[in-house]
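A structural walkthrough
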Amino acid sequence: MSPETTAPRSLAEALRARDDASLSALLRSRPDLITPVPTDLTQLATRAGTRASAVRALERLDRFTLQTAEALAVAREPATYDELLGLLAGDDGDPAVTAAFPHALATLREQALLWGADDRLRLVRTARELLAPSPQHPSPTGLGPTVGEATAGMSPGRIQEIVAVAGLTSTHDSVSAVASLSALFSDRDRMSALLDEAPAEAVEVLSRLVWGPPYGQVTAEPASHLRWLIGRGLLLPTAPGTVVLPREVALHLRAGRAHRVTEPLAPAVEPATAHSPQAVDSTAAGQAYTTLATVEELLKDWHEGGPAVLRAGGLSVRDLKRTAVALDVSEPIAAFWVELAYAAGLVASDGEADERFAATPAYDTWLELPAAERWARLASAWLAATRTAGLVGGRDAKDRTLSALGPGLDRSAAPEVRHRVLALLAQLPEGASPDTDSLLARLYWERPSRGLRPSPDDLRARLARWTLSESELLGVTGRGALSAQGRALLGLPATGAKAPEPSGPGDKLPAHHRRRHPAAPPVSAPVPRSPAEQAAAAARAARLLAPLLPEPLDHILLQADLTAVAPGPLERPLADTLGVLADVESKGGATVYRFTPASVRRALDAGRSASDLHAFLAAHSRTPVPQPLAYLIDDMARRHGHLRIGAASAYVRCDDEAVLNEILADKRSQEFRLRRIAPTVLVARSDPAGLLTGLRAMGFAPAAESAEGDVLISRAHAHRTPPRTAPEPVPDGPPVPDATLLGAAIRAIRAGDLASTAPRKDDSATGRPGNGALPRTSSAETLATMQAAVMTGEAVWIGYVNAEGAASQRVIAPIRVEGGFVTAYDHTADEVRTYPLHRVTGVAELAGDQP
């Protein structure tokens, strides 16, 4: 009889009846089941029933599928399709539940949490234990124990008393009495008649317990209405002073529903406001440009070596505040930019003895990319990162503060939530931003927590809120709506796209597992894409963004008040030179630079001459060079290097004796303890750097001098870390296997299952076992059986111990036996292999026409 018509007797048999596509879907959704690869389907079923694996699978069910599993946990075992549907749809048969139920059932089958034909549905034992009600762990349904469970420790006489008071015929044993009472409580008409006789106070007591918790407290002398309920078994004692509402009674009062509110349909994400797609894309592009400018500014601030690394790792609170001031943002946003640069591999610790954060060599490579490609790299890193900047400033399990760039920020659910939030935004009309509450309600339905309703403190809810704000900062969204480049980053078409939903799991189950009702669309995390697919999506996002970014400018506008206005982003050489020659005064749509004596001196210290600076400004200014700026440059150049400072401890030399006289007469120079050793030379006990800074503060313009008497040119020293790789995301459990691994795993499991289930001849006289332990035969018997199999071409069953000492069983068809080795086609590995005969524990013939 074929598996299509034979009802499975265990989960292993149910898995054996599946095709390879269905097994692949199971192993892809539950990758912990093939870590390591099971030897056969029996071991796969055993692993699927372990507590850790079952908990992980239950946590990834949507709200209605989980409600279906909860209902099955309180149904009689085994349950029928119609009984389980009745617990969800109620006596009135909710049509929405009826339509969604087949898909929920198919999902439980696909996840190997449910097995059996439709007339004998069984929840995996571990899942039933997790979801079934108990005094220590109430059921999410709010139901209590059955009559049979509640009366398990009750005396036979007391049970007979309840049966008599309830108006039932007395029986000769407790089992039939409990069955009679259960039948009464399950009969809608008879129960309605019984409750019509109940006092009003008794009905009120039942209404308080009906939706749970089902336990209540009573005194030693309960009131008359409570005695009425206890006497008829409508409340059953479980401990002194404690009574429980039996499950059958609660289901009658609930009109057959296991849940107070059944949620068969995913709540829709409602649009909040609508914008034109062009406005959304433009806004997002503006934020993308700001992202690039901010990350560059951050790394420029750390150009010569950033903040020190804390002993426990990460940035100190003080350094984070300083970074926030430098970027002109709040501390949480500064933490986000720092973490973004770290996730993209642009910043890391240098690993020195005095460990500091600094830019990596990858930062210099990143700077050379076109602006759109630089943004795509940042956005891709954010989308896949498990590090969560929103946790910075919080406390870990040991009550330690979580710091930016420090340990403890990884949350494995973060990439899944980011993908899902953006996918839900993609399902809205173009240009529409979501209503946050409806978005959170949808996410909760897809991955319900232990609570009955979503909590603001729930990790997934916080991750969703952070995703909305961070995607806006990055330019993945604009005005709250998904942008064109955001759609491309997800692998969706730029316009008119909907987030793809995976095909229903039930489509790959055997035919007798599928019902006539259409399956509701499933909800699951996006399938992880290959690196090639991610790179292609990032490249497409960059192409869509590129036309929206402002073109770099090759000019500035000089003004008479010693300022320059950059009306947009500047070309990199122009921006770098201007950043040395002037200080940034304000940023925004246009950047304002201010020229000061200190900034001009900085350019002169970097080796620029006055003529170089005049030529630079004349070449890049669309307005004439203002006279005050030209005077400032000439004046600073005339005075620059007039004084020379070197090491004596330090000395000052100047051809103009009057200048040295002025310095000696200034009281502010006393701290340097200067003295004249020649008409044009002063010496000091201060170091050259301190003397240089001090004289500049006094209004002079000295230049540093080398040991050879040349002017030292001071340029910013770019500190870089050794080559570093970006931090790897921390996965939630084993990684999802690719198609190659899945195919190999299924072949190995099938072959191992063939070896373990193949019928074998039983010869107790020779010690050859039937189904069960590995065969044990002598070396002579093993050799003789192998040689006979070569001549007959038959397959045999062997026990084999590999070089690591691991024992396994295999079905092989020997081809050649010589030199202490057997060459055979191994049905377990589906290939020809050679085995040393001394590692074969024994051999047994297969029964019948087995391969």
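Everything numeric here is computed off the predicted structure, so don't read it as measured data.

**Looking at the overall build of the protein**
Across its full length, the protein carries 33 helices and 25 strands. Burial analysis of the protein (851 residues in total) assigns 48% to the buried set. Split by element, the accessible area of the protein, about 39,400 Å² in all, is 54% carbon and sulfur.

**Here's the deal with the packing of helix 21 (residues 414–426) against helix 22 (residues 436–446)**
Between helix 21 and helix 22, the least distance of the axes is 11 Å, while the angle of their chain directions is 125°. Relative to helix 22, helix 21 is oriented oblique. With respect to the hand of their crossing, helix 21 and helix 22 are arranged in right-handed fashion. In this structure, helix 21 uses Arg 420, Val 421 and Leu 424 to contact helix 22, whose residues at the interface are Leu 439, Arg 442, Leu 443 and Glu 446. By residue class, the composition of the contact of helix 21 with helix 22 is four nonpolar, no polar and three charged.

**Observations concerning the nonpolar core**
Core analysis: the largest hydrophobic core is formed by 90 residues, its most contacted members being Leu 15, Phe 185, Leu 234 and Leu 235. The leading source of residues in this core is helix 5 (residues 63–74), at seven residues. Those residues in contact with Leu 234 that sit more than four places away from it in its chain are Phe 185, Met 191, Leu 194, Leu 195, Leu 206, Trp 228, Leu 229, Val 244, Leu 245, Pro 246 and Val 249. Counting 73 residues, the second-largest nonpolar core is a separate cluster that includes Val 295, Leu 383, Ala 414 and Leu 443.

**Observations concerning the environment of Ala 17**
Residue placement: Ala 17 occurs in the loop between helix 1 (11–16) and helix 2 (20–29). Take Ala 17: its relative accessible area is 21%, and that puts it in the partly exposed class. Along the backbone, Ala 17 and Ala 7 are 10 residues apart, and their C-alpha atoms lie at a distance of 9.7 Å.

**Thoughts on the sheet that holds strand 21 (residues 796–801)**
Taking strand neighbours across the sheet as the criterion, the five strands line up as 24-23-22-21-25 in an open arrangement whose pairing is antiparallel. On the outer flanks of this sheet lie strand 24 (831–836) and strand 25 (840–845), each paired with one strand and no other. When the angles between neighbouring strand axes are averaged without regard to direction, this sheet yields 45°. Most of the contacts of helix 33 (residues 779–792) go to strand 22 (residues 807–818), to which it runs at about 65°, and overall it touches strand 21, strand 22, strand 23 (821–826) and strand 25.

**Considering the pattern of salt bridges**
Following the criterion strictly, the structure yields 33 salt bridges and no others. For the salt bridge of Glu 416 with Arg 60, the shortest nitrogen-to-oxygen distance reads 3.2 Å. Of this pair, Glu 416 sits in helix 21 while Arg 60 is found in the loop between helix 4 (51–59) and helix 5, placing the two residues 356 residues apart along the sequence. Close ionic contact of Glu 446 with Arg 442 constitutes a salt bridge, the shortest N to O distance being 2.9 Å. Linking Glu 446 with Arg 442, this pair stays in helix 22, spanning four residues, or about one helical turn.

**A look at the side chain of Asp 319**
Structurally, the position occupied by Asp 319 is in helix 17 (residues 317–327). No salt bridge is formed by the buried Asp 319. Its closest oppositely charged neighbour is Arg 322, at 4.5 Å. With near-sequence residues (within four places) excluded, Asp 319 lies in contact with Pro 307 and Ala 308.

**Quick look at the pairing of strand 19 (residues 681–684)**
Of the two faces of strand 19, the one lined by Val 681 and Val 683 and the one lined by Leu 682 and Ala 684 are each fully buried. Pairing of strand 17 (residues 650–653) with strand 19 involves four bridges; the strand directions are antiparallel. Across the sheet, residue Ala 650 finds its bridge partner in strand 19, namely Ala 684. Where strand 18 (residues 675–678) and strand 19 come together, three bridges link them in antiparallel fashion. Bridging from a neighbouring strand, Arg 675 pairs with Val 683 of strand 19. Hairpin connection of strand 18 to strand 19: two residues between the antiparallel strands.

**Topic: the packing of aromatic side chains**
Overall, the coordinates contain five aromatic pairs when judged by the stated rule. Judged by centre distance (5.1 Å) and plane angle (55°), the ring pair of Phe 336 and Trp 337 falls under tilted. Residue Phe 336 is classed as buried on the basis of its relative accessible area of 4%. The class for Trp 337 is buried, based on a relative accessible area of 3%. Summarising the aromatic geometry, the rings of Tyr 800 and Tyr 835 are spaced 4.8 Å apart at their centres and angled 65° between planes, so their arrangement reads as edge-to-face. Of this pair, Tyr 800 sits in strand 21 while Tyr 835 sits in strand 24, and the two are 35 residues apart along the sequence. With respect to burial, Tyr 800 and Tyr 835 carry one shared label: buried.

Calculation rules
- Residues numbered from 1 in each chain as written.
- Predicted model: local features only at pLDDT ≥ 70, side-chain atom pairs only at ≥ 80, totals over all residues.
- Heavy atoms only, no water.
- Helix = DSSP H or I, 4+ residues; strand = E, 2+ residues; numbered from the N terminus.
- Buried < 20%, exposed > 50% of the residue type's maximum accessible area, 1.4 Å probe, protein only.
- Areas by Shrake-Rupley, 256 points an atom, 1.4 Å probe, with all protein chains shown as cover.
- Axes fitted to C-alpha atoms, helices over the stretch in contact; angles between N-to-C directions.
- Parallel < 35°, antiparallel > 145°, perpendicular 65-115°, else oblique.
- Left-handed = near helix turned anticlockwise from the far one by under 90°.
- Contact = heavy atoms within 4.5 Å.
- Nonpolar A, V, L, I, M, F, W, Y, C, P; charged D, E, K, R; others polar.
- Core = buried A, V, L, I, M, F, W, Y, C linked by side-chain atoms within 4.5 Å.
- Pairing = 2+ DSSP bridges.
- Salt bridge = Lys/Arg side-chain N within 4 Å of Asp/Glu carboxyl O.
- Lys, Arg positive; Asp, Glu negative; His and termini not counted.
- Phe/Tyr/Trp six-rings, centres within 6.5 Å; stacked < 30°, edge-to-face > 60°.

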